[in-house]
Structures are given as structure tokens and as C-alpha cells.
Amino acid sequence: MQPQINQHTFANGLTLLAERMEHVRSAAFNFLVPAGCAFDPPDQLGMGTVLADLLTRGAGPRDSRQLTFDLDNLGLDRGEGVGLMHMHLWGATVARNLPAALEIYADILRRPHLPDDELEAVQALAYQDLRSLEDEPRSKVSVTLRKHLYPSPLSNDRRGTAEGIAKITSDAVRRHHQRWFKSDGAILSVAGNIEWQPLRDQIERLFGDWQGSADRTLSFGTQPPRRAHLAKDLEQTQITVAYPSVPIGHPDYYSALGAVYVLSSPGGMSSRLFTEIREKRGLCYTVSAGHDMLKDRANVIAYAGTTNERAQETLDVLLAELCRLQEGIEVEEVERIQAGIKSGLIMQQESTRSRASFLASDWYYLSRVRSHEEIQSAIDGLSPSIILDHLRRYPPGDFVIVTLGPKALKC
Amino acid sequence: MPFHSHLLANGLQIVGETSPSARSAALGFFVRTGARDETPEECGVTHFLEHMVFKGTPRRTALDVNRDFDRIGADYNAFTSEENTVFHAAVLPEYLPQAVDILADILRPSLRDDDFNMEKKVIIEEIGMYEDQPMWSAYDHAKRLYFAEHKLGNSILGTPASITALTRDQMHGYFQRRYVAPNILVVAAGNFDWPRFVDLVEKHCGHWQQGAIGRGGVSETRGSGRFEVMTKDKVMQEHVFLISPGPPADSPLRYAADLLGMAIGDDSGSRLYWALIDPGLADSADCSFHEYEGAGAFYTSFSCQPEQSEETLELVAEVLRDVQANSISEEELNQARSKVLSRVVRGSERPKGRLMAVGMNWIYQHGYRTVDDELRAFESVTLSAIREVLERYPLDRATTLALGPLAQLTSPQGNGSR
């Protein structure tokens, strides 16, 4: 079944994407505003998170309580997230309530109150969010890895720093909103039981006169050191390893993805890291690898959490498995990846949230939305030799390694 | 969406909800056994056995099991709770026969010694992983403190010591006792052909042995009412749980209890949101209703900076006392209802969402309920039903556990500090 996808970029640069899903009763939307934490002022890291929280504390004619009350009464499940490049605001509810929810979101994006008297509470929350990271070892090691993988501001984390959060003022929040919340480059994607024409007309009315663009050029700091250990007395040692890959749009993209899936396929348990590290050796409960991507660069990031006494062995086996990839790949391994992707693409059709987020992401990276056929045929075209050719061009190596636990590991 | 059911001669129950427009089919084997069905010597065996089910049969090695699932692109997993062990897979419709073949086969595992010893290490790793997550740790300890001697307080994961001490024969004994045909429910939802499905299940499971079903220790509890502080120097935030009684899973009050929990502690617009999150006192706050066979509970939790724990706990106690005394408003009830109705609709759009709803309703409501039945049940909850929940299951006499850097914390009632 071919998805019905519509797209329109308004004169002000806002792109609307919509997929009609007749077999569901719900609808989901996803706003991407290019105001991620990479754009946080360097002395006010955490600004994006503070702004995201303040956005829903009153907007347009509604104060904070009324806004929450009205969104709740629409049955809207929602969230605001701060990624590296974008702030994303998503929501999902029954399809008949979507137009009313979008009316309120026009206020949230364009006319937030950003109340002075709530800043202190929001800062307190941001500060606690930062502290909570210390109680989540896997997130902690992953945030730290990015500090060693990318130069600033690409290594920024949404949580910012305690000093940065403390320096944020109401004026600075307002300036940040004015500077980055612009129509140009913003994306709104919608998926569910919706009609294109009325949706487009509504968005034109709500956002047609939204203005502006911003210079989003980033200047990078120096490349950080490639090894780090964070000492902490924990039950388990957390291990992350990263190495370079290629982003979407690159001719090698699908073979790069194939190579990662041989190591660790989403949801699959017969891939190599799970088999070699957990099934055959019982070294950990969680082990995985994924493809981490920015527009112009990408990395493979592998993770394992393991008992301290067995951490060195886990790291050694993990690195050996990454290097062993180049030595050969079985036809069967590639066939299993193809089966997994085929069913994943079809099952994505059952979730309005997944589809809304897929549309927005493809538009950001490629300025178009890939069809199922395009993805499936690219994946079906993979073979062991094609993946191995890619691995010769981009051999796993030059590892960035970050660990968290009582003892540093040899690497 | 048509519903079907069929009982095999050996007592194995099959139910299904067909939806020809769905893109996939979801399949689950619901074994009605969990941590509460373990003897003290078997602590952790249910969850360990769930892992061992994936380690192979006379027809398949552990690697074969994973490969066979991945070959058909299945989205598959399993989980163990206090009273159910569920093995599930969602597949494209054409692969349902293979999915039945694999799941039915692995539900009769070999439990080989070398796999048993290898998987022990993985379980101990899993326990270690959770130990390093204070919020989870606090939840687990609080549940044990609340249920105390009640079997629902049994640990799902067990401890490194209990897992180390378990033998393969003990696990086999537990398997023979609990994985009998009449204790297993097979469910399918989505795009599949019912008569063909019944034939497949009959072919693969018709020979499974019968046996006694049911469980002991099914009773309501008010909880221990204790107040305990667990000091963990290395933890940054203070993580606090308050548990109070609620209606059991088959009670008609469950819908009211669910809405009451949301009005108190959903992540947007609830009492706890306005009292704790909005002013920046806690970085998380929640209240939700958990239901079990014969008992239920409200879990209220938050995490905050240690130095603000006392003030925050007092505020939470105040919220609970106020709701207990004055209930919630019509407006709050409607707000919670809007959220639940939207969640029920969205959760039912995927066969794997329906799989869980159909399976759990069969187990706990002893029958089939459509999405519209569920929606109507939430729609018809009145303020007097909320009042009845509060009268029968008071919120303000909670069992409390705090885990974090604090050495001491005063109970809001002024008793039991340590």
C-alpha cells in the first residue's frame, strides 16, 4: 500500500508534510524548529532546555494553567525535546482534536509568554535534570562520549551546565526565542487520519505570516581527546566506543547501515554483538551498536554495560568484533537484515507518531521523503561484498573510547 | 473487529481478534506465572526461566531461536511480572505460521546445563544494571516494604545470591508445575486467519501436558505502613516512593482507580504536577494505579534534591490528604478521562497494543472486551465511583521508602523516622 504523502513549503520557508492514514482514528504532529542546544549561547548552556520548558507556561490568550488544561482536554499526549540541531515539539491525540491542538501550538511557538516569575522554577528543574544524569550511568557515559567525539558546539548536551543555567536571565530567554524561532527551516509533519487541504489552509492561516531566518553557521572548537575514563563506584562499568561512518545522502549510506546492522540490528537478537558478547560469553545484559548521524557526519556508537571484573574482557571482545567485520560477512546475515527492515517499514505504518517523525527527519536530512520502495530496494541491493567494499573504504578504527566505573580499562 | 475463542482438549485457551485491515499480526503466549508463584528457594526463577526459554529446544539451539525470529523480521521479546510471563512477537501476516512454530517450540525448552550456567551470568548482569539505577532500585525496595510477607512482594529479578544458588533441576520443577497447558493463554491480534491459526496452535501445543492451575496467597493487603530511609552516598537525588492500597484487577472500580491516579499524578496538569514540577521542587513526580490478581496499589513517587526532600514529601502528603478528604473535581475527572480515552484509541491502533489488551482482559476480566467497551467503561466513571475508591482504599496511609544520600528523613505523620 502506497502512503499518501503531501508536502508544501510556504513562502516564509516553513515546510508542511502530511501523511494520510485512513485506517487509524488518531493523528500525530511533530514540529522541528532549528533551535537545538548547538545554538545555546556558550556562556548559557542549557538555554534550549529552559526555553522549551517556558514555552508551554502560557502562550497567546492562555496562562500556564489554562494552556495545560486545554491541551489535556484535547487528550493530547505531548512533549518538548531539545536535540542538538532542533527543538522538537510533538503531540498525538484522536484525529478530530488535531486542528484545535494546532491552534494552541501556533501560540506556543509564536506567542509564548515566557513569564519572568517562572524562570527560577524552570532553572531549578534544569539543574535537577543535570543532577539526575549522575543517577543514570548509561546516559552519563553517552553524554560524555559525545564530548570526546565531536568538537563544541556539536558536543553540547541539552542539559547544559550548572554555571550556564545559573546565568540565564528572562531577557536572554526572550532574545534566544526571537533569534532562533523563525519560519525559515522549520518543519511541521503530521500523520494520521487527516485531510490535506483543510490542514494546509489551517497552517497557512496560523503560520503564513511567521517571518524570518537566522544565520545558523556554527564555528567549531578543537577536537577533544579520544579517550576518557570517569571514575565512579558502581556495580557495573559502562563502556562506549565510537568510530567514523557516513551520513544519509552519502553513496555509502546504506552499506554503512548494513555494516552496523550486522553488528546490532534494531530489535534483532542474532546479530554479532549480542551473539558473541551476551549469548556466547554471558558478559553483559545490554550490548548494542547504532548509527549516529548529523547532516554532514556520522559515527557508529557501540555500548556495553558489564560487571566491573569482566569489563576489560568485554571491551576487548567488543573491539575485536568491530575489527572482525572486515574479515567477512555471511549472505544469511544480510538476508536477516533485509527481512527486519522490510517488516519494520511496514509496521511503521501502524504508528502515527513514528510516521510523523520519519517525515520530518527525512525532510531535514534530504529535503524530500523517501518512499518505502526506495528504502527497500536500496536494502535489497545490499550483499556481503558491497558491505565489505564499504568497510574497506571506512574500516572500523580510530576509536573514541569512554568508560565509566571504578577502574580505567586498558585500550 | 471479530473475536474468537477456542479451548483445546488439554485445557490450553486460544483467543483472537481479527482485523483484516491491519498491516501485521501479533502473537503472544501468556503464561499465568510470576514472582508471586515462587517459593523462597526459587527466588528469581520465573524471570530466569523466561530467559532460558530463548536458549533452545531439541529442535533449535539458542542461536537458531534468534536467527529464526530474525529471518522473518519479527519484532519479538518477553517480560516477567509479579504474576505473568509473556512471550510475544509481531510479524507480517505471511509469517504468522513460522512465528507460531518458533514460539510454541521454545515454550518447551531443553534447559541445557551449559546454557543454564551461561545465562546465570547474564541475569546477574541484569541485576547489576538495575542496582545502578536508583529510581528502579527505590521502586523495587518500596514494593517489598509495602507488600512485606504478601507474595506480591517477591522480587522478580531475585538477588545474585538467589540466582547463584538456583539449580537447573529446581527450574525444571518450576517449569513442570507452572507451564502446564491450562495455565497458558495463546492470543493473536491483527491480520490473520482464525481457523488456520487454531489448527496451527493445536498442531504445536495440543500434546502439552495438563496440570493443576491457580495460585495461593491471593488476598488484599493494606501494606505494611512502614517508613524507611535507605542511605546511598553515591546517589545524587533522593528517590521517594509512597505506596497505598487500591482495588484488585477484576474490580469494577479499576477504571475509577486509573482515572484517580492520573488526576493525582499524570505528567501534565495533575495535582502533583502543579505542586512539585511547576514550582521546580522535583524533577519527576508520578502517581499511578497498578493492578494485580486479588490486590491493587497506588504508587506515588518523586525525585528531588536531598535537601528539599522533607519539604517535598510534606507537600506530597498534603496532596494525598487533600484528595482523601475532598476527592477530585468534575473538571479533573474529565481532564483525566480525555487523556485516557485518547491513549486507549491510539494504543489500539497497533496489533501489538491490542494483543496485550485482549490477553490481559481475558486473564483479569475473564472475557473479551472491545476497544469501545473500554472507552465506555472510562466514560461512565462518576465522581461517586472515585469517592468509593477513596473510601475503600485510603490514599493517606501510605508505606514510604526514600533512597538516596539522606541519612534521615522525617515522616510527614511525624512517626517512623530513622
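Everything numeric in this text was worked out from a predicted model, so none of it was measured.

Cut-offs and rules
Residues numbered from 1 in each chain as written. Chains lettered and ligands numbered in written order. Predicted model: local features only at pLDDT ≥ 70, side-chain atom pairs only at ≥ 80, totals over all residues. Axes fitted to C-alpha atoms, helices over the stretch in contact; angles between N-to-C directions. Helix = DSSP H or I, 4+ residues; strand = E, 2+ residues; numbered from the N terminus. Parallel < 35°, antiparallel > 145°, perpendicular 65-115°, else oblique. Contact = placed C-beta atoms within 7 Å. Nonpolar A, V, L, I, M, F, W, Y, C, P; charged D, E, K, R; others polar. Expected span 1.5 Å × (residues − 1). Core = buried A, V, L, I, M, F, W, Y, C linked by C-beta atoms within 7 Å. Buried ≥ 20, exposed ≤ 12 C-beta atoms within 10 Å, placed from the backbone. Pairing = 2+ DSSP bridges. Domains from an automatic or database assignment.

J.: Even after reading the chapter, I still don't get the packing of helix H2 (residues 64-73) of chain A against helix H12 (residues 330-347) of chain B, so can you show me in this structure?
T.: Helix-helix packing: each pair is described by the crossing angle between the helix axes and the interaxial distance. Closest axis-to-axis distance for the H2(A)/H12(B) pair is 7 Å, and the angle between their directions is 50°. In terms of orientation, H2(A) lies oblique with respect to H12(B). Along its contact with H2(A), which presents Phe69(A), Asp72(A) and Asn73(A), the element H12(B) presents Asn334(B), Gln335(B), Ser338(B) and Lys339(B). The residue makeup of the contact of H2(A) with H12(B), split by class, is 1 nonpolar, 4 polar and 2 charged.

J.: I would appreciate a short explanation of the interface of chain B and chain A in the present structure.
T.: Quoted interface sizes are often the accessible area lost when the parts come together. With 52 residues of chain B at the interface, the matching set in chain A holds 55 residues. For the side of chain B that touches chain A, the class distribution of residues is 17 nonpolar, 16 polar and 19 charged.

J.: Would you take a moment to explain helix H13 (residues 351-364) of chain B for this structure?
T.: It helps to recall that an α-helix has 3.6 residues per turn; residues three or four apart then point in one direction. Residues and elements named next belong to chain B. Its 14 residues give H13 an end-to-end C-alpha distance of 20 Å, which sits within 8% of 20 Å, the value for a rise of 1.5 Å per residue. Looking at the buried positions of H13, the neighbouring elements they touch are strand S2 (13-18), strand S3 (25-31), strand S5 (85-91), strand S6 (184-190) and H12. Just downstream of H13, His366 is the residue with a positive phi angle, here 55°.

J.: In this structure, what is going on with the nonpolar core? I would like to understand it.
T.: Proteins that are soluble and globular tend to have nonpolar side chains buried together. Core analysis: the largest hydrophobic core is formed by 111 residues, its most contacted members being Ala99(B) and Leu103(B). Once residues lying within four places of it in the same chain are set aside, the contact partners of Ala99(B) are Leu27(B), Ile72(B), Ala74(B), Ala89(B) and Val91(B).

J.: Please explain the environment of Ser371(A) as it appears in this structure.
T.: Residues and elements named next belong to chain A. Here Ser371 is to be found in the loop between helix H13 (352-366) and helix H14 (372-380). Its 13 C-beta neighbours within 10 Å are what place Ser371 among the partly exposed residues. For Ser371 and Ile5, which are 366 residues apart along the polypeptide, the C-alpha to C-alpha distance reads 9.4 Å.

J.: Help me understand the pairing of strand S5 (residues 87-94) of chain A, please; the structure alone is not making it clear to me.
T.: Residue and element names in this part refer to chain A. The element S5 is largely enclosed, with a buried count of 8 among its 8 residues. Pairing of strand S3 (residues 26-33) with S5, which is carried by 8 bridges, proceeds in the antiparallel orientation. Along S5, the bridge assignment pairs Phe31 with Leu89. In terms of strand pairing, strand S4 (residues 77-82) meets S5 through 6 bridges, oriented antiparallel. From the neighbouring strand, Gly81 faces S5, where its bridge partner is His88. In this structure, the hairpin formed by S4 and S5 is closed by a connection of 4 residues.

J.: Help me out: how do you make sense of unusual backbone geometry in this one?
T.: As a rule of thumb, non-glycine residues mostly have phi less than zero, and peptide bonds are mostly trans rather than cis. Each neighbour pair has its own omega, and for Ser152(A) with Pro153(A) the value is 0°, a cis peptide bond. Residue position: Pro153(A) is located in the loop between helix H5 (137-149) and helix H6 (162-166). We note that Leu111(B) has phi near 50°; this positive angle belongs to a residue other than glycine. Following the sequence through the fold, Leu111(B) ends up in the loop between helix H3 (96-106) and helix H4 (113-131).

J.: Just checking my understanding: could you explain the domain arrangement of chain B for this structure?
T.: Residue and element names in this part refer to chain B. According to the domain assignment, chain B consists of domain 1 (3-205) and domain 2 (227-404). Measuring from the centre of the C-alpha atoms in domain 1 to the corresponding centre in domain 2 gives 27 Å. With 30 residues of domain 1 at the interface, the matching set in domain 2 holds 25 residues. Listed by contribution, the elements that provide at least two residues to the side of domain 1 that touches domain 2 are S2, S3, S5, helix H5 (134-147) and S6. By residue number, the principal contributor to the side of domain 1 that touches domain 2 is H5, which donates 10 residues. Of the residues in the side of domain 1 that touches domain 2, the class split is 18 nonpolar, 7 polar and 5 charged.

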